[in-house]
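Observations on the three-dimensional arrangement
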Amino acid sequence: MDEALLTDWLRQASGHAALTIRARELLTGGAIQQNWALQVAWPGGQEDWVLRTDSAAVLAVSLPRRAEFALLQVAYAAGVTVPEPLFLCDDLSVTGAPFFVMRRVAGITAGHRLVKSDSLGGGRAALVRRLGQELARIHTIRPPQPKLGFLGVPPVDACLAFIANSRAALDRQRAPRPVLEWGLRHLELNAPEPLPPVLCHNDFRTGNLMVTEQALTAVLDWEFAAWGEPHADLGWLCAPCWRFGNHLREVGGIGDRADLYAGYEAGSGQVVDPERVRWWELAATIRWALIAIDQAERFLSGTECSLELALTGHLVPGLEWNILDMVEAAHA
Amino acid sequence: MLEKPGAAELLANARDVLLQELLPNLPEPMRFQARMIANAMGIAERELGASQAKAGSARAALEVAMGPGPDGGDGRLRELAKEIRTGQQDPGTVDHAVTARLLREYTRFRCSVSAPRSLLGRG
């Protein structure tokens, strides 16, 4: 990354002609994205920013950064707790890849720490209530949204669309997956009536939530966001796979459903339908299994030699076990 | 004849060294990778130890549910997957309960290798 070019660009974008980058540090770097902490200063001012960019390997896909920036803008404007999006750069001559800059937010995201702590985020009950309110706020974003045109037309029936998309994903796989079919058939036989579409974050879970001791400070990772059914986000957050071993705390290993639902209802004025949440919880488990299969496939096909991807495939049997439990509980 | 100790024993022992002797002395950023390696070794060890009898019982359950087929592997599972999708194994059908038990057996076996902790506290 050429710091002089980046500095020039940031000076123009921010309007601070004397801006300098005082420190730059790689926060997280993966095969797909990188996050850099930037400490910038100008006469009379200093701020902490994060620059989020694609790794060189995925240059061809510039839409995700632009889309993510637009999602952050819309969410920020709706009052969702996200880092303030500042500037977007599509010009590859600056750093070699598209990037955007957002304000840096304090906190940690580590799931295994969050589920063990009784105090982080203001305490379990308060944090889970807040998560409900936060989801309610996200779900105030409804189509049409000119900035979110890339999301396409909302599905007429989000439940049936989920089943059809999942079956199409299964048909692309090399191995048959009768347990996932079992779960999907159960969903099909018990699909609820459609609800008006809202913006779903679609990865709102422990691990993507930044917290300090006092409160939630940011909802991160918006790249799966899509038009959908509000209970989808509640179900994803409650799915057994995001409890980081703390299985008794059904909301992401953090807290209890009653607090989540109370927070959501207070924030939205809508009553949570627990049966619909259960429906989406099973859907969430199937969805994560499909993602895990895809990730293992990236290893098996030789595209990426990553032990983490290889091990992700071995999560599938445990998820299938959860799926059988959920279907059985629904029949009981 | 191959020398003893064999693959499963070697993996188990190497994994113990990794977890008990190396891991505590590794810097924090490398511990996640060390745990992943231990996890991979554990899966490999269990897969080596997964007896033919256990694999056979999962297959036998499949044949009880579907009748014997020329192919005890993916072909039968593929048929089962198709039947489930098209409603031939729905609640109320004659095969439903047998299929539910079969899927448990099949998944229990797969978990015993890949994710044994999923089975804790279950029958």
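All values reported here derive from a predicted model rather than from experimental measurement. (Residues numbered from 1 in each chain as written. Chains lettered and ligands numbered in written order. Predicted model: local features only at pLDDT ≥ 70, side-chain atom pairs only at ≥ 80, totals over all residues. Heavy atoms only, no water.)

**Things to note about the interface of chain B and chain A**
One widely used convention gives an interface's size as the accessible area the parts lose upon coming together. Between chain B and chain A, the contact holds 32 residues from the first and 27 residues from the second. Buried area between chain B and chain A, summed over both chains or domains, comes out near 2,700 Å², and the portion from carbon and sulfur atoms is 63%. Between R104 of chain B and E328 of chain A there is a salt bridge; the shortest N-O distance is 3.2 Å. One can count 8 residue pairs in polar contact (both at pLDDT 80 or more) joining chain B with chain A. Going through the elements one at a time, helix 2 (28–49), helix 4 (74–85) and helix 5 (96–114) of chain B are the ones with two or more residues in the side of chain B that touches chain A. Take the side of chain B that touches chain A: its biggest share by element is 11 residues, from helix 5 of chain B. Residues that form the side of chain B that touches chain A fall into these classes: 16 nonpolar, 8 polar and 8 charged. (Contact = heavy atoms within 4.5 Å. Buried area = accessible area lost by both parts, 1.4 Å probe. Salt bridge = Lys/Arg side-chain N within 4 Å of Asp/Glu carboxyl O. Polar contact = N/O pair within 3.5 Å; in protein donor to acceptor, adjacent residues only side chain to side chain. Helix = DSSP H or I, 4+ residues; strand = E, 2+ residues; numbered from the N terminus. Nonpolar A, V, L, I, M, F, W, Y, C, P; charged D, E, K, R; others polar.)

**Some points on the domain arrangement of chain A**
In terms of domains, chain A is made up of domain 1 (3–103), domain 2 (105–154 + 197–272) and domain 3 (163–194 + 278–332). Computed from C-alpha atoms alone, the centre-to-centre distance between domain 1 of chain A and domain 3 of chain A is 35 Å. (Domains from an automatic or database assignment.)

**Focus on the side chain of T81 of chain A**
All names here are of chain A. On the secondary structure map, T81 appears in the loop between helix 2 (63–77) and strand 4 (85–89). Side-chain polar atoms of T81 contact the side chain of R130, separated by 2.9 Å. Those residues in contact with T81 that lie beyond four places of it in its chain are R130, E134, L216, T217, A218 and V219.

**Quick look at helix 6 (residues 158–171) of chain A**
Here helix 6 of chain A is 14 residues long and its end C-alpha atoms lie 20 Å apart, about the 20 Å a rise of 1.5 Å per residue gives. Along helix 6 of chain A, the residues classified as buried are A158, C159, F162, I163, S166, R167, A169 and L170 of chain A. Next to the buried residues of helix 6 of chain A lie helix 7 (178–189), strand 9 (226–228) and helix 10 (274–300) of chain A together with helix 4 of chain B. Its side-chain oxygen placed 3.0 Å from the backbone nitrogen of C159 of chain A, D157 of chain A serves as the N-cap of helix 6 of chain A. (Expected span 1.5 Å × (residues − 1). Buried < 20%, exposed > 50% of the residue type's maximum accessible area, 1.4 Å probe, protein only.)

**Some words on empty space enclosed by the protein**
Per the stated rule, a full pass over the model turns up 2 cavities of 30 Å³ or more. As a volume, the largest cavity reaches approximately 80 Å³. Residue lining of the largest cavity: W182, R185, H186, L189, V327 and H331 of chain A together with I84, Q89, D90, P91 and H96 of chain B, and that is the complete set. Taken together, the elements giving at least two residues each to the lining of the largest cavity come down to helix 7 and helix 12 (316–331) of chain A. Looking at the lining of the largest cavity, the element that brings in the most residues is helix 7 of chain A, giving 4 residues. (1 Å grid on protein atoms, 1.4 Å probe; cavity = no way out; pocket = protein on both sides within 12 Å on 5 of 7 lines; lining within 4 Å. Points joined across faces, edges and corners; volume = space filled by probe spheres on them.)

**Points about the side chain of R243 of chain A**
Relative to the assigned elements, R243 of chain A resides in the loop between helix 8 (230–238) and helix 9 (257–268). A polar contact of 3.4 Å, which involves the side chain of R243 of chain A, links it to the backbone oxygen of H247 of chain A.

**What to know about helix 5 (residues 124–138) of chain A**
Because an α-helix packs 3.6 residues into every turn, residues spaced three or four apart end up facing the same way. All names here are of chain A. Over its 15 residues, helix 5 extends 21 Å from the first C-alpha to the last, a length consistent with the 21 Å expected when each residue adds 1.5 Å. Among all positions in helix 5, only R124, L127, V128, L131, G132, E134, L135, A136 and I138 are buried. For helix 5, the secondary structure elements touched by its buried residues are helix 4 (111–116), strand 6 (198–200), strand 7 (209–211), strand 8 (216–219), helix 8 and helix 9.

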